[in-house]
Amino acid sequence: RDLARIEDARAPFAQARWQAGPLLAGDVAGGAMHQVINPARPDDVVGQVTLASGGDVDTALAAARPWGADAANRADVLNRLADLYEENFGEIFAVVAREAGKTPADAVAELREAVDFLRYYAARGKDLSAGPRGIFTCISPWNFPLAIFTGQIAAALAAGNAVLAKPAEATMLTAHVAVRLMHRAGVPRDAIQLLPGHGRDVGAALAADRRVNGVCFTGSTDTAQAINRAMARHMAADAPLIAETGGLNAMIVDSTALPEQAVRDIVASAFQSAGQRCSALRCLYVQHDIAPRFLAMLYGAMDELRLGDPWHHSTDVGPVIDARAQADFAAYIEAARAEGRVLKRLDAPEQGHFIGPAAIRVDGIGDLTREVFGPVLHIATFRAEDLDAVVDAVNASGYGLTFGLHTRIDGRVEQVTSRLRVGNAYVNRNQIGAVVGSQPFGGEGLSGTGPKAGGPHYVPRFARTELPAHEIVPGQVVDKGRVQA
Ligand code: UN1
């Protein structure tokens, strides 16, 4: 019955061509046109986007106004938006499938997470005593074009800020659908403005502008560092960069693990969403004495994966995001093949930007020189006496996002997690799909600045910092937490 409902709701959008562009509280000048093609089907034109010009960035900055409504009103509007997302699931499932290559399972997760963010941050916004910072720039990734896009904006809005949203270049249509629903829910047009465009133009201009009071970013570690440098130019000591970045995520499977469960969780962690999650498993450590049998089971499970058009309900693994990603992974896997390190590789459909999920042998996580953001799993083995050294190697990567451990020895959980520096460690389950509210998500080191998304400390970071009473000096005027000389 649910499938029939999804089919009916999606059907009107199977051939739709979305038109998108800047949504500003002022006149749009507009720049170049950009055509959006389905990454699974080169003949499917999904829509067209008018990119924001430099003039549009200025218009947006000049027009932006923090959301004057009180926190309870803002929360009502964000909750209404959550309802609108749920009511419009047909259009949302269609646009994320055709623009971002999301399978039905991924589309469901995407919508659920977006709705959870809205309701959770709406509630946290009501607990705030401090006022908004002012204008927030939100720069979001293509791999969660609705959930992370919405989560960043919802947190900034819940605290009362004005938002300038710069969606990922690959998923500007989804962003446009979302912002139209934000307007319908009652978010004022000067509190949420959409600036689709190239990061190096629009994103860089927004991050470097001194009228911007904070930046929220999810994406690569390199880009986060560039944003940080751009913000440093105007020395806005109090303008936060809230960044969630890359990961080189490991999982350890010891010889006491339940093999069926571990295999299922590895396949989900490494290959769901075609491996295009910052939380995805990149480097698996299997205890050496179980490795031959265990890995045979894993490769058998990989053979069951169905690659194909994410529009179909039978598809497990969709395409990667674009031709560049596809060529990059193909070259990466080919280099490993030339060295005799490919352990397993699935065939991929010829049409569309597909990469067959692959397993590649490595000695350890130290062999990974970069985050490979696709369906490529690296596999190493370890001996029981080297467990601490494995954890040290994971820490030495400098990243610290997710980690998985499969074991039935209680003491081992403590042994591993007490040394480990990661944001999210999971035991005897998969390591993707953190749940808003109960499993706040974020990394350590090169993986992010914190606070964790979907956790209690996130929304307060978008509000002004309250000064403790002893820092308030008689003779100064205190206005909602900000001290003016
Ligand atoms: C990302 O992939 O950019 O837990 C972060 C998860 C998601 C990851 C989102 N919250 O799988």
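You'll find the structure just up there.
So, a few notes on the structure that sits alongside this text. Just so it is clear, the structure is predicted and the values come from calculations on it, not from any experiment.

## As for the sheet that holds strand S14 (residues 402-406)
Then, in step 1: In spatial order, the strands read S11-S12-S13-S10-S9-S14-S15; together these 7 strands make up an open sheet with mixed pairing. Sheet topology places strand S11 (342-345) and strand S15 (424-427) at the edges, where each strand pairs with a single neighbour. Across this sheet, the average inter-strand angle for adjacent strands is 20°, counted without regard to direction.
Then, in step 2: Of the strand pairs in this sheet, S14 and S15 are connected by 4 bridges, and their pairing is parallel. The residue bridging Gly404 from the neighbouring strand is Tyr426, located in S15.

## As for the site of the ligand
Then, in step 1: Lining the immediate environment of the ligand, one finds 13 residues, of which Arg277, Cys278, Ser279, Gly433 and Ala434 sit closest.
Then, in step 2: One nitrogen or oxygen atom from the main chain of Gly433 is found 2.7 Å from an oxygen atom belonging to the ligand.
Then, in step 3: Ala434 has a polar backbone atom sitting 2.8 Å from an oxygen atom of the ligand.
Then, in step 4: Judged by the proximity of its atoms to the pocket grid, the ligand belongs to the second largest pocket.
Then, in step 5: Its residues assigned to classes, the shell around the ligand shows 6 nonpolar, 4 polar and 3 charged.

## Some words on empty space enclosed by the protein
Then, in step 1: Summed over the entire model, instances satisfying the criterion amount to 1 cavity of 30 Å³ or more.
Then, in step 2: Estimated volume of the largest cavity: approximately 90 Å³.
Then, in step 3: Ala100, Gly101, Lys102, Thr103, Asp106, Trp142, Asn143, Ser273, Ala274, Gln276, Gly318 and Pro319 are the residues that line the largest cavity.
Then, in step 4: Here the lining of the largest cavity is composed, by residue class, of 4 nonpolar, 6 polar and 2 charged.

## Re the packing of aromatic side chains
Then, in step 1: Overall, the coordinates contain 8 aromatic pairs when judged by the stated rule.
Then, in step 2: Ring geometry for Phe13 and Trp18: centres 6.2 Å apart, planes at 10°, overall stacked.
Then, in step 3: Exposure remark for Phe13: the relative accessible area of 22% places this residue in the partly exposed category.
Then, in step 4: Seen from their ring centres, Phe117 and Tyr121 are 5.4 Å apart, and the 20° between their planes marks the pair as stacked. Here Phe117 pairs with Tyr121, and both are found in helix H5 (residues 104-126), just 4 residues apart, close to one helical turn. Accessibility assignment for this pair places Phe117 and Tyr121 in one class, buried.
Then, in step 5: These aromatic residues form a ring-pair network of at least three members: Phe117, Tyr120, Tyr121, Phe136, Tyr458 and Phe462.
Then, in step 6: In this structure, Arg10 is placed above the aromatic ring of Trp311, and the distance from its NZ or CZ to the ring centre is 3.8 Å.
Then, in step 7: Above the ring of Tyr120, the side-chain terminus of Arg124 is found at 4.7 Å from the ring centroid.

## Regarding unusual backbone geometry
With the exception of glycine, most residues fall at negative phi, and the peptide bonds are largely trans.
Then, in step 1: For the bond from Gly450 to Pro451, the omega torsion is -10°, close enough to zero to count as cis.
Then, in step 2: Note that Pro451 resides in the loop between S15 and helix H15 (458-461).
Then, in step 3: Phi at Ser273 is positive, roughly 60°, even though this residue is not glycine.
Then, in step 4: Of note, Ser273 is situated in the loop between helix H10 (259-271) and strand S10 (281-287).
Then, in step 5: Judged by relative accessible area, which is 9%, Ser273 ranks as buried.

## Examining the nonpolar core
Then, in step 1: Formed by 69 residues in total, the largest nonpolar core has its most connected members in Tyr85, Tyr121, Phe149, Ile153, Met182 and Phe462.
Then, in step 2: Ignoring sequence-local partners within four residues, the contact set of Phe149 consists of Ser140, Phe144, Ala165, Pro167, Ala175, Ala178, Val179, Met182 and Leu194.
Then, in step 3: In terms of nonpolar packing, the next biggest core, distinct from the first, is built from 28 residues, Ile266, Ala274, Phe354 and Ala359 among them.

## Quick notes on the layout of surface pockets
Then, in step 1: One number sums up the size of the largest pocket: a volume of about 1700 Å³.
Then, in step 2: Contributing to the lining of the largest pocket are 49 residues, with Trp142, Ser220, Thr223, Asp322 and Arg324 lying nearest its centre.
Then, in step 3: Looking at the lining of the largest pocket, the elements that each hand over two or more residues are strand S2 (33-37), helix H8 (199-208), strand S7 (214-218), helix H9 (221-232) and helix H12 (323-338).
Then, in step 4: At 6 residues, H9 tops the list of elements feeding residues into the lining of the largest pocket.
Then, in step 5: For the lining of the largest pocket, a count of residues per class yields 22 nonpolar, 16 polar and 11 charged.
Then, in step 6: Within this model, the second largest pocket holds a volume of roughly 680 Å³.
Then, in step 7: Forming the walls of the second largest pocket are 39 residues, and the residues nearest its centre are Glu113, Arg277, Gly433, Ala434 and Val435.

## Focus: the packing of H10 against helix H11 (residues 291-303)
Then, in step 1: At their nearest, the axes of H10 and H11 sit 10 Å apart, and the two run at 50° to each other. Judged by the inter-axis angle, H10 sits oblique to H11. Between H10 and H11 the crossing geometry is right-handed. Contact with H10, carried on its side by Pro259, Glu260, Ala262, Val263, Ile266, Val267 and Phe271, involves Phe294, Met297, Leu298, Ala301 and Met302 of H11 and no other residues of that element.
Then, in step 2: Its residues assigned to classes, the contact of H10 with H11 shows 11 nonpolar, no polar and 1 charged.

## Some details on the sheet that holds strand S1 (residues 18-20)
Then, in step 1: What the 3 strands build is an open sheet, ordered S1-S3-S2; its pairing is mixed. Each having just a single partner strand, S1 and S2 make up the two edges of the open sheet. Looking at each pair of strands side by side, their axes are set apart by 20° on average, direction ignored.
Then, in step 2: As defined by bridge partners, S1 adjoins strand S3 (residues 45-50) across 3 bridges and the pair is classed as parallel. Residue pairing in the sheet places Ala20 in a bridge with Val49 of S3.
Then, in step 3: On top of the sheet, helix H4 (residues 89-100) reaches S1, S2 and S3; it is set at about 85° to S1, its chief contact.

Cut-off values and rules
Residues numbered from 1 in each chain as written. Predicted model: local features only at pLDDT ≥ 70, side-chain atom pairs only at ≥ 80, totals over all residues. Heavy atoms only, no water. Pairing = 2+ DSSP bridges. Helix = DSSP H or I, 4+ residues; strand = E, 2+ residues; numbered from the N terminus. Axes fitted to C-alpha atoms, helices over the stretch in contact; angles between N-to-C directions. Near = heavy atom within 4 Å. Polar contact = N/O pair within 3.5 Å; in protein donor to acceptor, adjacent residues only side chain to side chain. 1 Å grid on protein atoms, 1.4 Å probe; cavity = no way out; pocket = protein on both sides within 12 Å on 5 of 7 lines; lining within 4 Å. Sits in = over half its atoms within 2 Å of the grid points. Nonpolar A, V, L, I, M, F, W, Y, C, P; charged D, E, K, R; others polar. Points joined across faces, edges and corners; volume = space filled by probe spheres on them. Phe/Tyr/Trp six-rings, centres within 6.5 Å; stacked < 30°, edge-to-face > 60°. Buried < 20%, exposed > 50% of the residue type's maximum accessible area, 1.4 Å probe, protein only. Lys NZ or Arg CZ within 6 Å of the ring centre and 35° of its normal. Core = buried A, V, L, I, M, F, W, Y, C linked by side-chain atoms within 4.5 Å. Contact = heavy atoms within 4.5 Å. Parallel < 35°, antiparallel > 145°, perpendicular 65-115°, else oblique. Left-handed = near helix turned anticlockwise from the far one by under 90°.

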